Amino acid sequence: MDAPGKKANRGLVAKLALMAACSFAFGFALVPLYDVFCEVTGIGTRAQLSRAAAAGSTAVDTTRTVVVEFTASVPAGGHFTFAPVIASMKVHPGALNEARYVAHNLAGRETTGQAVPSIAPARATRHFRKTECFCFTPQHFARDEERELVVRFVVDRELPPGIDRLTLSYAFYDG
Amino acid sequence: MSTAMRILKLPALAGVLAALAAVPARADWSLLNMPQGVSVLSREIYDMHMIMLWICLAIAALTFGAMTFAMIRFRKSRGAVADTKMLHNARLEAAWTIVPVLILIGMAIPSVEKLIKIEDTTGSELTIKITGHQWYWQYEYLGTGISFFSRLARSSDLARQRGSGIDPNSVSHYLLEVDNPLVVPTGTKIRLLLTANDVIHAWWVPDFGMKRDAIPGFINEMWISVDEDKPGTYRGQCAELCGADHGFMPVVVIAKPKAEFDAWLQQQPATE
Amino acid sequence: MAHGTEAAGHMDHHDERPQGLSRWLTTTNHKDIGTMYLVFSLAMFLIGGLFALLIRAELFQPGLQLLDPGRFNQLTTVHALVMVFGAVMPATVGLANWMVPLQIGAADMALPRMNLFSFWLLFFAFMLLISTLFMPGGAPAAGWTLYPPLVLQSGSAFPMAVFSIHLMGASSIMGAINIIVTIVNMRAPGMTLLKMPLFSWSWLITAYLLIAVMPVFAGGVTMLLTDYYFATSFFNAAGGGDPVLFQHVFWFFGHPEVYIMILPAFGIVSEIIPTFSRKPIFGYEAMVYAIASIAFLSFIVWAHHMFTVGMPLAGQLFFTLSTMLIAVPTGVKIFNWTATLWRGSLSFEPPMLFALAFLFLFTIGGFSGLMLAIAPADFQYHDTYFVVAHFHYVLVPGAVFAIMAAVYYWLPKWTGHLYDMTVAKWHFWLTAIFVNVLFFPQHFLGLAGMPRRIPDYATQFTDWNMVSSIGAFGFGLSQLLFVWLIVKCVRGGARATAGVWDWPHGLEWTVPSPAPYHTFEQAPEIR
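Residues numbered from 1 in each chain as written. Chains lettered and ligands numbered in written order. Predicted model: local features only at pLDDT ≥ 70, side-chain atom pairs only at ≥ 80, totals over all residues. Heavy atoms only, no water.

(A) The overall build of chain A, seen in detail. Of regular secondary structure, chain A possesses 2 helices and 9 strands. Tracing chain A from N to C terminus, the helices and strands come up as α-α-β-β-β-β-β-β-β-β-β. Computed over C-alpha atoms, the radius of gyration of chain A comes to 25 Å, more than 25% over the 16 Å expected from 2.2 N^0.38 for 175 residues, which places it beyond the range of a compact globule. C-alpha atoms of chain A, sized along the principal axes, occupy 85 × 50 × 25 Å. Counting the 175 residues in chain A, one finds 37% classified as buried. Counted over contacts in chain A with a minimum sequence separation of 6, partners at least 24 positions apart contribute 73%. Total accessible area on chain A is roughly 10100 Å²; 61% of this is exposed by carbon and sulfur atoms. For chain A, the distance from the average position of its 19 positive side-chain charges to the average position of its 16 negative side-chain charges is 10 Å. (Helix = DSSP H or I, 4+ residues; strand = E, 2+ residues; numbered from the N terminus. Rg over C-alpha atoms; globule rule 2.2 N^0.38 Å. Buried < 20%, exposed > 50% of the residue type's maximum accessible area, 1.4 Å probe, protein only. Contact = heavy atoms within 4.5 Å. Areas by Shrake-Rupley, 256 points an atom, 1.4 Å probe, with all protein chains shown as cover. Lys, Arg positive; Asp, Glu negative; His and termini not counted. Charge placed at Lys NZ, Arg CZ, Asp CG, Glu CD.)

So, in structure tokens, the structure goes:
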């Protein structure tokens, strides 16, 4: 190959190597970039949590009643019993309510559990504001400890009209 | 044709014909189509399926008709001469682009309405939580404390073991029988909550028209109903590969008139 | 390979080729590499077919006779992986390697050494994948779709399968780059894109699809790997993840993947039908735009594989509509092929037989696809044999028939010999009849309520399963004719001319048969 050809190739290789390096660096840059994205769009649990905390007391819509059901599972490999205290309650949108679950550590030693919430129908999720929930943080249990866990929530007034009953479900995993 | 081919021609032809004869001889012609089912949803889905099927058959008749006609009429062996200038026909091409779009819109409109009905779980009178396990179902009547497991019946389980020597045809409802069936009332809109304990499963009864995935850590919902005048036993299966015994965790639902269902529920032991 | 002497009766350097094993390890010649891909894919087709026969043998009757359920699931998984990634895709790549440079008048592919590397990566990847059947715990058994959490219950085969997938992906991506660079840069002067043969067009577009989606698949299986080994929670609710995320990632790859398999088949049929109709393809530009539209639409339909996961209503509606929309450009192609037959002068040599069978039977697969697109109906069809029937119709009498048609079409060009037409016609008729005996009853099974991926079934499904299994064995045995015929043709046969067929079109028919080792070292004049 002639000299200008070799030089052109070297230049191209340098540019391509730079592109590869920048792509790789972009992967790392995604961590702060996602934080910015979530902040700006409001998507993501952190933004939702802060909105829920700010929910406070809004006017209660007494003309509408929604049944909220509570259910629980302990997926395979878990060492707890975990169940709601009451199966369901009738709520008005806008009102602050409280529900309780009971968890009992069967692991035979000190352990941690993490509750993962899920709501059906899925489109009710963004209208179900938990102001306080045991699912926000891992829960520590002493050996053989059994205790009540509390969730406080507001079903907001913008809940779509086609929903008269929704279910809050937790899966309780070993931490 | 080579000698080998000549010798083999007749037995080969006989073999093919024998295999083909096996088709009508062995076929179960009653099992050709989707069941209409016993639910308002299953009937609507059946109707949608039949609309689609007829439209496809009509289009097939036209297109296959044209193809077959061309293959016969324009054979070189029949003296056909190719029209090498036939490259475009703007009107025809526009027609066979636009007409299909119109047909598709015609198909889409009824399906929108049915989807909305399927997703509307308001007005339900009973909630049942269904949990998929490897490899059985768990049913819980929400708010009653009644919960139980539903496993493949022992008779089926014994017969299905490799080399069991038991003829599946001698087993009642082979692979479609369980020890504790789910019991539901007829004439009631029932909301089902679906989740799983380990891997993804799916709950399906063809006669109810609906299936939905049961996903570990999440809760899904769907609704079913059984016509008031159709009490009985309805069978289905797990519909998402969930491991070795995916084919061995059937769904059995007994639909009872409301009063009988209430009586049955009263008699169940509460486990919580 | 037998030497084909050129018409002039002398050998010049165009036909010198190396000999021996090292030839196949080091060749960068697009014809040799094409041959290697094709031989590899035929071997994989037979292996994948063997797995299918084992499956259908088990399903011949209710009860478990041959396989335990875990093994059965391994076989269905590996059958699909082998057929998709080992048979269909390498066959179309092999055809591309052989034919694209010839069709565009290029001397070889743009990146010959990378071309060779792509092949051997694929070979190694498959040795690894098939070896997982013999590892402790056996091969992955979660279906070729590899859904978590189930796939994370796999044993020691899991990392091997993931590694194998990465290698296959790299092989495909490099192959795709090669094809795009070749087509964009090395067409003979005067061959504008809109004068390029449709097979090359189909590969140009398929190559873009490959580059777009294979990395997505690699990302998805890497996330599975980190969930398995490094305690990430992409697909684990316990850590804030979701198994359904994998399904989105997989099908975002998976749907374009099935178009990657079928678009080259469309290209092949668009070459063959005009030749044996003795007239040009009807609506050439429409065919190009149709392939491009299908490729574009293939990116926005993926969730029709996921209608039952608990998708919002808006999602179900969108994916129903977008999926139905693909029927429009596909229909345009089918109508254009029919219009090519219309007022043509048709003869029914084996390539044409397979192409016509494609036309009929792929269309049947298209109809079942349209039915599956309707979300409410899909709630009954999903995960049943109706789906199995649909995709086998589009893949077997679809893609595989097109590949067989291509082999029958171009084999004389590759070998310099005509093959035994009678045996080929026997192969065709047996294959075409048995493929319907095998797959058509599966529509009934699905509608009657039989789920997929089960090794044993309720007794009401017995009869159609029996028919289907008979079809499977008939189909499988018929392929031995194909293998025998190819081997015989490679070894010898009546001399083939450059044009081979009565009405050849395209540059590949201007070079002698067999094509000399080096062709178009001088770019040809384009009309």
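(B) Quick peek at the sheet that holds strand β2 (residues 136-141) of chain B. Residue and element names in this part refer to chain B. If you walk across this open sheet you meet the 5 strands as β3-β2-β1-β5-β8, and the pairing is mixed. Because the sheet does not close on itself, it has two edges, and the strands there are β3 (146-150) and β8 (220-224). Going across the sheet, the axis of each strand differs from the next one's by a mean of 25 degrees, ignoring polarity. The sheet contact formed by strand β1 (residues 126-133) and strand β5 (residues 190-196) spans 7 bridges and is parallel. Its bridge partner being in β5, Ile130 is matched across the sheet by Leu194. Strand contacts of helix α5 (residues 258-267): β1, β2 and β3, with the helix running at about 100 degrees to β2, the strand carrying the most contacts. (Pairing = 2+ DSSP bridges. Axes fitted to C-alpha atoms, helices over the stretch in contact; angles between N-to-C directions.)

(C) Seen up close, the pattern of salt bridges. According to the stated counting rule, one finds 21 salt bridges over all chains in the structure shown. Ionic pairing is found between Glu98(A) and Arg100(A), a salt bridge with its closest N-O pair at 2.6 Å. Owing to a relative accessible area of 30%, Glu98(A) belongs among the partly exposed residues under this scheme. The exposure class of Arg100(A) is partly exposed, given its relative accessible area of 31%. A salt bridge links Asp227(B) to Arg43(B); its shortest N-O distance comes to 2.6 Å. With Asp227(B) in the loop between β8 and β9 (232-238) and Arg43(B) in helix α2 (residues 40-73), the pair connects residues that are 184 residues apart, well separated along the chain. Asp227(B) gets classed as buried once you look at its relative accessible area, which sits at 14%. Residues joined in a network through salt bridges with shared partners are Glu98(A), Arg100(A), Glu132(A), Glu148(A) and Arg152(A). (Salt bridge = Lys/Arg side-chain N within 4 Å of Asp/Glu carboxyl O.)

(D) Quick look at the nonpolar core. In this structure, Tyr141(B), Trp203(B), Phe85(C) and Trp337(C) are the most contacted members of the largest nonpolar core, which totals 265 residues. Counting residues per element, this core draws most heavily on helix α12 (residues 385-415) of chain C, which supplies 22 residues. Ala72(A), Met89(A), Tyr101(A) and Leu159(A) belong to the second largest nonpolar core, which has 29 residues in total. (Core = buried A, V, L, I, M, F, W, Y, C linked by side-chain atoms within 4.5 Å.)

(E) Layout of α12(C). Residue and element names in this part refer to chain C. Its maximal kink placed at Tyr409, α12 deviates by approximately 40 degrees, while the proline Pro412 follows within four residues. The element α12 is extensively covered by neighbouring structure, given that 30 of its 31 residues are classed as buried. Trailing α12 by a residue or two, Gly416 shows a phi angle of about 85 degrees, which is positive. (Bend = angle between axes of the 7 residues up to and from the residue.)

(F) The pairing of strand β10 (residues 251-256) of chain B, seen in detail. Residues and elements named next belong to chain B. Relative to β10, strand β4 (residues 182-185) runs parallel, the two sharing 4 bridges. Looking at the pairing, Val184 lines up with Ala255 of β10. Here β9 runs beside β10; their pairing, made up of 5 bridges, is antiparallel. When the sheet's bridge partners are listed, Arg235 is paired in β10 with Val252.

(G) Highlighting the state of the cysteines. Residues and elements named next belong to chain A. Enumeration according to the criterion identifies 1 disulfide over all chains in this entry. Sulfur-sulfur distance for the disulfide between Cys133 and Cys135 comes to 2.3 Å. Measuring the twist about the S-S bond at about 130 degrees, one finds the Cys133-Cys135 disulfide to be right-handed. Since its relative accessible area comes to 7%, Cys133 is described here as buried. (Disulfide = S-S within 2.5 Å.)

(H) Spotlight on the packing of helix α2 (residues 30-58) of chain C against helix α14 (residues 462-491) of chain C. Residues and elements named next belong to chain C. The geometry of α2 relative to α14 is characterised by a closest axis approach of 10 Å and an angle of 160 degrees between their N-to-C directions. As far as their axial angle goes, α14 and α2 are roughly antiparallel. Of the two elements, α2 crosses α14, and the hand of that crossing is left-handed. Listed contacts from α14 to Leu42, Phe45, Leu46, Leu53, Arg56 and Ala57 of α2 are Asn465, Ser468, Ser469, Ala472, Phe473, Phe475, Gln479, Phe482, Val483 and Ile486. (Parallel < 35°, antiparallel > 145°, perpendicular 65-115°, else oblique. Left-handed = near helix turned anticlockwise from the far one by under 90°.)

(I) Main features of the pairing of β5(B). Where burial is concerned, most of β5(B) is hidden: 7 out of the 7 residues are buried. Taking every second residue as pointing to the same face, both faces of β5(B) are buried, with Ile190(B), Leu192(B), Leu194(B) and Ala196(B) on one and Arg191(B), Leu193(B) and Thr195(B) on the other.

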